[in-house]
4 protein chains.
Amino acid sequence: MAFLKTNNGKVYYEVHGESAKTLMILNGIMMSSASWKPFLTYLVNHVKVVLVDFFDQGKSEYLDADYDQTIQSELVSDIINGLNLKSVTLLGISYGGEVAMNFVTRYPGVIENLILANTTAYTGKQLKAIGVNWIHAASTYDGKKFFSATIPHIYSTGFYESRADWLEAREKMFDQLFDDRWYEGFIRLVRSAETHDERENLKYINVPTLVIGASEDIITPLSCQKEIVENIPDSKFLVIENCGHASMYEKPTEFFSSVIGFVYTAGCTFKI
Amino acid sequence: MAFLKTNNGKVYYEVHGESAKTLMILNGIMMSSASWKPFLTYLVNHVKVVLVDFFDQGKSEYLDADYDQTIQSELVSDIINGLNLKSVTLLGISYGGEVAMNFVTRYPGVIENLILANTTAYTGKQLKAIGVNWIHAASTYDGKKFFSATIPHIYSTGFYESRADWLEAREKMFDQLFDDRWYEGFIRLVRSAETHDERENLKYINVPTLVIGASEDIITPLSCQKEIVENIPDSKFLVIENCGHASMYEKPTEFFSSVIGFVYTAGCTFKI
Amino acid sequence: MAFLKTNNGKVYYEVHGESAKTLMILNGIMMSSASWKPFLTYLVNHVKVVLVDFFDQGKSEYLDADYDQTIQSELVSDIINGLNLKSVTLLGISYGGEVAMNFVTRYPGVIENLILANTTAYTGKQLKAIGVNWIHAASTYDGKKFFSATIPHIYSTGFYESRADWLEAREKMFDQLFDDRWYEGFIRLVRSAETHDERENLKYINVPTLVIGASEDIITPLSCQKEIVENIPDSKFLVIENCGHASMYEKPTEFFSSVIGFVYTAGCTFKI
Amino acid sequence: MAFLKTNNGKVYYEVHGESAKTLMILNGIMMSSASWKPFLTYLVNHVKVVLVDFFDQGKSEYLDADYDQTIQSELVSDIINGLNLKSVTLLGISYGGEVAMNFVTRYPGVIENLILANTTAYTGKQLKAIGVNWIHAASTYDGKKFFSATIPHIYSTGFYESRADWLEAREKMFDQLFDDRWYEGFIRLVRSAETHDERENLKYINVPTLVIGASEDIITPLSCQKEIVENIPDSKFLVIENCGHASMYEKPTEFFSSVIGFVYTAGCTFKI
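These numbers were taken from a predicted model, which means no experiment stands behind them.

Student: Where do I start with the interface of chain B and chain D in this structure?
Tutor: One frequently used descriptor of interface size is the decrease in accessible area upon assembly of the parts. Across the boundary between the two partners, chain B contributes 23 residues, which contact 23 residues of chain D. Summing both partners gives a buried area of about 2100 Å² for chain B against chain D, and 55% of it is carried by carbon and sulfur. Contact with chain D buries area across many residues of chain B, yet Gln126, His153 and Glu161 of chain B alone supply 29% of it, more than any other trio. Across the chain B-chain D interface, the total number found is 15 residue pairs in polar contact (both at pLDDT 80 or more). For the side of chain B that touches chain D, the elements supplying multiple residues, two or more each, are helix H4 (125–138), helix H5 (143–154) and helix H6 (157–162) of chain B. The element contributing the most residues to the side of chain B that touches chain D is H4 of chain B, with 7 residues. Partitioning the side of chain B that touches chain D into residue classes produces 11 nonpolar, 8 polar and 4 charged.

Quick look at the structure:
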């Protein structure tokens, strides 16, 4: 709906709803603010939703040179300040979860709760190698090859088997949307995650945190979520079964039950 | 707070809050309506809470002879009718989950959503054998022996290791509460579950259902929850990690995030 | 060491050792008989080892047209007959396991025991999509791109993290070995697996069978191994923890302990 | 077959077979040397088997006072010295595995390989509480109550469901075998494990080690096996699926394939 001018470039954002509680959502690497559209009608019943496109994503500025994820943290900070957001639950999925960890470490005391879904505290050698392959695939500028290199690892076996039609429709839709600029932005986004390593900073994260994992996530497997849970002091952990990396698409009811449930429950202390 | 006279005996129930959405909670076998007290202040912000003691439990009637779980289903039906409850989400944990499956099968069309936590569709030979042991333990009328036979299998290894003080305090509290009548009621409750087998009926359950499992539940392990999920058509599945059978005590934030999240999300259809 | 002329083309095979028990090994899709060299000194202490290259693999004939896996089953049959092999334990890993299932179904009564490692009874839609991606990668005839598209999904996260040196050395070695003929053979091999579906035939397999799975195998995940175990009547199941798809390389001691242990144990009946 | 007089009392042992490799087996707490009888014909084809009854077990001396597991380590040492055993693989299951860890720590340089099955490096608070319950049950001197308190947690759900006949027969057999002396010995054995804690010593164990876990072991769950594997430097790990604590009875083929396979493979170095 609107743009915010920042030192690093203009940032596209959307605000939906008027709740006192704010849910700010940070996208995965292949997503944009538009990806959350199917869930907005539901979400605004519970929270003010703030969507945002990262640099090199959606309608935000496409950059000229490489960077690391701290530039996206600045973007998050600029939006929170620019819109004067209060009582923020920050939800990051995958790449967005990496930025969320980066942000809470660099900007402590700003948000109220944190939700990390299908993400990792560290770009390990295997994940880096997967990124290199994604860069190869994006460099073809060929939708068929790009999807073939990425999608089979993002969804679970069961979802693939039962929802092949949906995956095909999605492939076609994306093929039309993705132009050269998109692929080049995607490559810079992948590169910006290569040095991601917040493992040593997790223990200082001092907001109530929910970690959402998926049993068949092979991009950021459960072991990654467990590492986060074991190191963030006040962290909770829910696992979505029979689900791959794109959990909000594969299992939206489980995903949003967890998210909205946590928004309402995070601050409660139960004296049992 | 109040009693309802039914054909099978008087039933104790409590109603808290005034929401349009009702959450009716069915207890586990060693619990009572009093067990949910630490969570009421939180719950009433979101739902009208209806608590109820089963026959042979808490302040409801203690019966003279053996019975099976259909008598508890009648109790649930009598409460729903007697209080004219509408828009009910029925949440059953363990024994309460067994009764919930029994109820939705025998009284279709009454409730809106179902939440089954740490339960099983069938009392298998192993669970029956555990029940026999619990009956042996209850027959001693000796709190120390009773807790020794039951508690170590109800909580997870990690909870036992870190919360030994809480478990000890709980043991003392229970030892004072449990009199001969309690132990005899407990024995009849165990017996009433021996013939529980709703496996063939699951496929007819046609309300949105959330199944909550716990990764270290050894009374009703994840395989039991999976059987339920695979057979109830519109079922969702969340797993609480590092958690034993008494999930609402071990991981209250995860448990109630899932429950309240589902109450708000169950009816939504996401067009992705 | 030698070639056997068959109706479908010449087949390369090796025989090592002189034990009365024969272990015939069927390779994964990127392997060849040479892949087992590091283990031969060990293996010949326990079994006569028969290695064989599939069509379009190693030193066997490269074919002109597409085919399905039954041609590889014929190859297995031709070798067993041609060498007059007796008391055969057939060990197939990945693609080799698929052929092994195909073979025991089409040639019943020939082998004594079956070992299936990191394999699947069925090429599902996701695995087919991964195959399509591998074909894209092979079509570049570019080693770097080919390895980038395949290797990150074949080894476990932990192996990747700790053995990056070994993986790099391997990449260089392969890059020299793989010529156009290799890539074209590889593509036909991938295609030959696309129609693989032995699910309905598993129940007729009547030889003692060991299934070896790996906890972090994402090409043929544990759910695939479980399906095999649940359907082959006399099947046993061992899982190698912290291990990806190439289990004999990641965890050779666990892999060969299981294999050689089973060769010695499969026929035993324990009257407990 | 024979007794060895030691400073702590006489020890019953059996030697079977004449292989150059020795497999010395340390029993679980409810077992004795007689428990391995069904497997001897098989085992002697591969190893010289040395069976031994711990103090307060089988035909070894029953003691007058409490002790800890180091007394059982001395027993192991006395047998190895007394029989002049060479090239020993020490296999300990459950309590026997605990003693095995105690032994290799206190008597380094004696054995060649170590196999730890369904055991733990530490008697945690939950396991201690289970032990207290077992002591309560043994104190009744009543077979029915004793089995009811112990057996349901030792076997897996699936085994219970499918092999109820075997479990019943076993209960009857045990009921005849177990006299007052047995129950009193059992109680002292349970007590001797209460202070078991070898966690800090695992990193010094410098023999090739195989850890065997079972997916449904709820007495010493997989987390216990993982702790051992992560801390013993040269350790391998195999998991038997769909199997409870008594893995050699539930899944003998998997168990002995792993054991004998490891005896043959442990010393091999594979240059991959």
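Don't stop here, the text continues.
Student: Sorry if this is basic, but what is going on with H4 of chain B here?
Tutor: Residues lying three or four places apart along an α-helix face the same way, a consequence of the helix completing one turn every 3.6 residues. Taking 1.5 Å of rise per residue, 14 residues should cover 20 Å, and H4 of chain B covers 20 Å from first to last C-alpha, within 8% of that figure. Summarising burial for H4 of chain B: 10 of the 14 residues are buried, a large majority. For H4 of chain B, the complete set of buried residues consists of Gln126, Leu127, Ala129, Ile130, Gly131, Asn133, Trp134, Ile135, Ala137 and Ala138 of chain B. Elements that come into contact with the buried residues of H4 of chain B comprise H5 and helix H8 (180–193) of chain B together with helix H5 (143–154) and helix H6 (157–162) of chain D.

Student: Quick question: what am I supposed to make of the interface of chain B and chain A here?
Tutor: Contacts between the two partners involve 27 residues from chain B, matched on the other side by 27 residues from chain A. Here chain B and chain A share an interface that buries about 2900 Å² over both sides, 70% of which is from carbon and sulfur atoms. The interface formed by chain B and chain A contains 0 salt bridges. At the junction of chain B and chain A, the tally comes to 6 residue pairs in polar contact (both at pLDDT 80 or more). Mapped onto the side of chain B that touches chain A, the elements with two or more residues apiece are helix H1 (37–43), strand E8 (235–240) and helix H11 (252–265) of chain B.

Student: Would you mind showing me how to read the relation of the copies chain B and chain D here?
Tutor: Both copies of the chain are related through a single rotation about an axis accompanied by a shift along the same axis. Note on the copies: chain B fits chain D at an RMSD of 0.0 Å, the axial shift is 0.0 Å, and the rotation between them is 180 degrees. These values place the two chain copies in the arrangement generated by a two-fold rotation axis. Taken as a fraction of all interface residues of chain B, those also at the interface in chain D reach 100%, which identifies the copy contact as same-surface.

Student: I keep staring at the packing of aromatic side chains and nothing clicks. Help me out?
Tutor: Each aromatic ring pair is summarised here by two numbers: the centre-to-centre distance and the angle between the ring planes. Enumeration according to the criterion identifies 122 aromatic pairs over all chains in this entry. Between Phe178 of chain A and Tyr183 of chain A the ring centres are 6.0 Å apart and the planes differ by 90 degrees, which places this aromatic pair in the edge-to-face class. Taking the relative accessible area as the measure of exposure, Phe178 of chain A reaches 10% and is therefore buried. Ring centres of Phe174 of chain D and Phe178 of chain D lie 4.9 Å apart, and the angle between their planes is 20 degrees; this geometry places the pair in the stacked category.

Student: What should I look at first to understand the pattern of salt bridges in this one?
Tutor: Oppositely charged side chains can form a pair if their charged atoms are brought close together. All names here are of chain C. On inspection of all chains with the given rule, the structure shows 24 salt bridges over all chains. The residue Arg106 makes a salt bridge to Glu198 at a minimum N-O spacing of 3.3 Å. One end of the pair, Arg106, is in helix H3 (residues 95–106); the other, Glu198, is in the loop between helix H8 (180–192) and strand E7 (209–214), and 92 residues separate them in sequence. Classification of Arg106 as partly exposed rests on a relative accessible area of 39%.

Student: What am I meant to see in the pairing of E7 of chain C here?
Tutor: Two faces belong to every sheet, and in a regular strand the side chains alternate between them. Residues and elements named next belong to chain C. Here E7 lies mainly inside the structure; 6 of its 6 residues are buried. Residue alternation in E7 divides its side chains into two sets, Thr209, Val211 and Gly213 and Leu210, Ile212 and Ala214, and both sets are buried. Sheet analysis places E7 next to strand E8 (residues 235–240), joined by 6 bridges and oriented parallel. Within E8, the residue paired with Gly213 across the bridge is Val239. Handedness of the crossover is the feature at issue here: the chain leaves E7, passes through helix H9 (residues 222–231), returns alongside E8, and the resulting connection is right-handed.

Student: Which parts of the structure should I look at to understand the packing of H4 of chain B against H5 of chain D?
Tutor: Packed helices, taken two at a time, are described by their axes: the angle between them and the distance between them. Where H4 of chain B meets H5 of chain D, the axes come as close as 9 Å, and the angle between the chain directions of the two elements is 140 degrees. As summarised for this structure, H4 of chain B and H5 of chain D are arranged oblique, according to the angle between their axes. Between H4 of chain B and H5 of chain D lies a crossing whose hand is left-handed. Contact residues: H4 of chain B offers Gln126, Ala129, Ile130, Val132, Asn133 and His136 of chain B, while H5 of chain D offers Lys144, Lys145, Ser148, Ala149, Pro152 and His153 of chain D.

Rules behind the numbers
Residues numbered from 1 in each chain as written. Chains lettered and ligands numbered in written order. Predicted model: local features only at pLDDT ≥ 70, side-chain atom pairs only at ≥ 80, totals over all residues. Heavy atoms only, no water. Contact = heavy atoms within 4.5 Å. Buried area = accessible area lost by both parts, 1.4 Å probe. Polar contact = N/O pair within 3.5 Å; in protein donor to acceptor, adjacent residues only side chain to side chain. Helix = DSSP H or I, 4+ residues; strand = E, 2+ residues; numbered from the N terminus. Nonpolar A, V, L, I, M, F, W, Y, C, P; charged D, E, K, R; others polar. Expected span 1.5 Å × (residues − 1). Buried < 20%, exposed > 50% of the residue type's maximum accessible area, 1.4 Å probe, protein only. Salt bridge = Lys/Arg side-chain N within 4 Å of Asp/Glu carboxyl O. Least-squares fit on C-alpha atoms with pLDDT ≥ 70 in both. Phe/Tyr/Trp six-rings, centres within 6.5 Å; stacked < 30°, edge-to-face > 60°. Pairing = 2+ DSSP bridges. Right-handed = clockwise from strand over helix to strand, strands pointing away. Axes fitted to C-alpha atoms, helices over the stretch in contact; angles between N-to-C directions. Parallel < 35°, antiparallel > 145°, perpendicular 65-115°, else oblique. Left-handed = near helix turned anticlockwise from the far one by under 90°.

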